[in-house]
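Coordinates in review
Listed below are the residues making up each chain.
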Amino acid sequence: MTSGGWWTSVQQRLTQLAFGAAFRLQWLDYTGWLPLSARLPLPLGLAMSRWRGWFNRHTHRDWVELSVGFPYIAQRAQAGYRAMFPQASDSQIAQWVLGRYQTIAREEFEAQRAINGCLWLQSAELKNTVLTDLAARRTPGRGLVILLPHMDNLFLSCVTLAQYLPKVHLVTSAVVEHPQIHPALRQFYCDKYAAYERLMQGGRFMHTSKAAKDFFYQALREGDAVVILCDSPAPAQASGCWVSWFGERRKVPDGALKMATATGSEMVAVSSTWAGADALTWQVSDLLDPGRSAWAVEPMPEAWQAYQTLFAFMEGCIRRKPQAWWAAHLMQDYVLAPQSVASRVLDVRACR
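Here we summarise the structure given alongside this text. (Residues numbered from 1 in each chain as written. Predicted model: local features only at pLDDT ≥ 70, side-chain atom pairs only at ≥ 80, totals over all residues. Heavy atoms only, no water.)

**Concerning helix H3 (residues 42–59)**
When the terminal C-alpha atoms of H3 are compared, their 25 Å separation across 18 residues agrees well with the 26 Å that a helix rising 1.5 Å per residue should span. For H3, the elements touching its buried residues are helix H2 (26–38), helix H5 (73–84) and helix H6 (90–116). (Helix = DSSP H or I, 4+ residues; strand = E, 2+ residues; numbered from the N terminus. Expected span 1.5 Å × (residues − 1). Contact = heavy atoms within 4.5 Å.)

**Examining unusual backbone geometry**
One non-glycine residue, Asp152, adopts positive backbone phi at about 45°. The topology assignment puts Asp152 in the loop between strand E1 (144–147) and helix H8 (154–161). The phi angle at Phe246 is positive, at roughly 55°, despite the residue not being glycine. By the secondary structure assignment, Phe246 is in the loop between strand E5 (241–245) and strand E6 (248–252).

**A short note on the side chain of Arg57**
You can see Arg57 is positioned in helix H3. Although Arg57 is buried, it makes no salt bridge; Glu65 carries the closest opposite charge, 7.2 Å away. Apart from the residues lying within four places of it in its own chain, the contact partners of Arg57 are Ala74, Gln78, Val97, Leu98 and Tyr101. (Buried < 20%, exposed > 50% of the residue type's maximum accessible area, 1.4 Å probe, protein only. Lys, Arg positive; Asp, Glu negative; His and termini not counted. Salt bridge = Lys/Arg side-chain N within 4 Å of Asp/Glu carboxyl O.)

**Concerning the pattern of salt bridges**
Opposite charge on two side chains permits them to pair, given that their charged atoms come into close proximity. All told, the structure shown has 16 salt bridges when counted by the stated rule. A salt bridge links Arg106 to Glu110; the shortest N-O distance between them is 3.2 Å. Note that Arg106 and Glu110 are positioned in helix H6 at a spacing of 4 residues, about one turn of the helix. Accessibility expressed as a relative area gives 1% for Glu110, which makes it buried. Among the ionic pairs, Arg319 bridges to Glu315, the shortest N-O distance being 2.9 Å. Pair noted here: Arg319 and Glu315 are both in helix H12 (residues 301–320), with a separation of 4 residues, about one helical turn.

Below, the structure written as structure tokens:
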């Protein structure tokens, strides 16, 4: 082995050891640091959260990369932002990557406050005219499928929505129960979901499954609202829907659209971002009717057009605050449409 090869091998081994130590020290994060910071006055707790996000960025401590055993989130997020904003400077992209880590850190800080029973819900949030208008515009007794991007604190968004709509449920992922994830983090997520669910006015958080699908479909038939996070890539071998998304025709999950058309529900996209220490700024799309239909391969044109409109709205929300979007590191995972499909997407958009 050459001297250069020997040194590279040593560096790789040291990186593995450092990552292994960082993985094991997550128990300190989720049983020490977060509980402590969540008990402090809100301004001080938020300052500690920002520092924790900075530290996580510079030591590659996103829980996903710690779970898989090697650093990659920052590098992929940089590539994602570059694809989304080709004209952005390197310094701007670096700030967005840092902001993404700090977004996750703040969301976890607020989750711990929810677990502690001291999550803020200001009276101003309960008098939000945008959400009052949404509640007034929806058809009484008809289901509502809500598309929500992974931005800032999406769980706080759901809790706030539950103050305005009769009953709101959230589709969640069981990935947080994977045995590869640190036990302290798995427990944190269990406590976090339970804490937020207690604030949902009877709404449920349920991991994707056959039983959950049946529950959500029935809830929509009874006039409830179901929140779905569908701004991540659709798996290559899974069914999906082609939409225009950050300059390309990309394959996105189609479960939300199938759920709406099968139950005759309306659809809307919403997004909230932090406004200071204890308030949210909301964006709400037009209320759309994708039609009632059952489809196996491709959605009906009117349903496809509604989905494209909602994704265009979410893209606009993300563009206004890129660092708030959790999923920037997944941009390379979207399947790009073949030319024939891309042309059909353009045709649908031209009909809008």
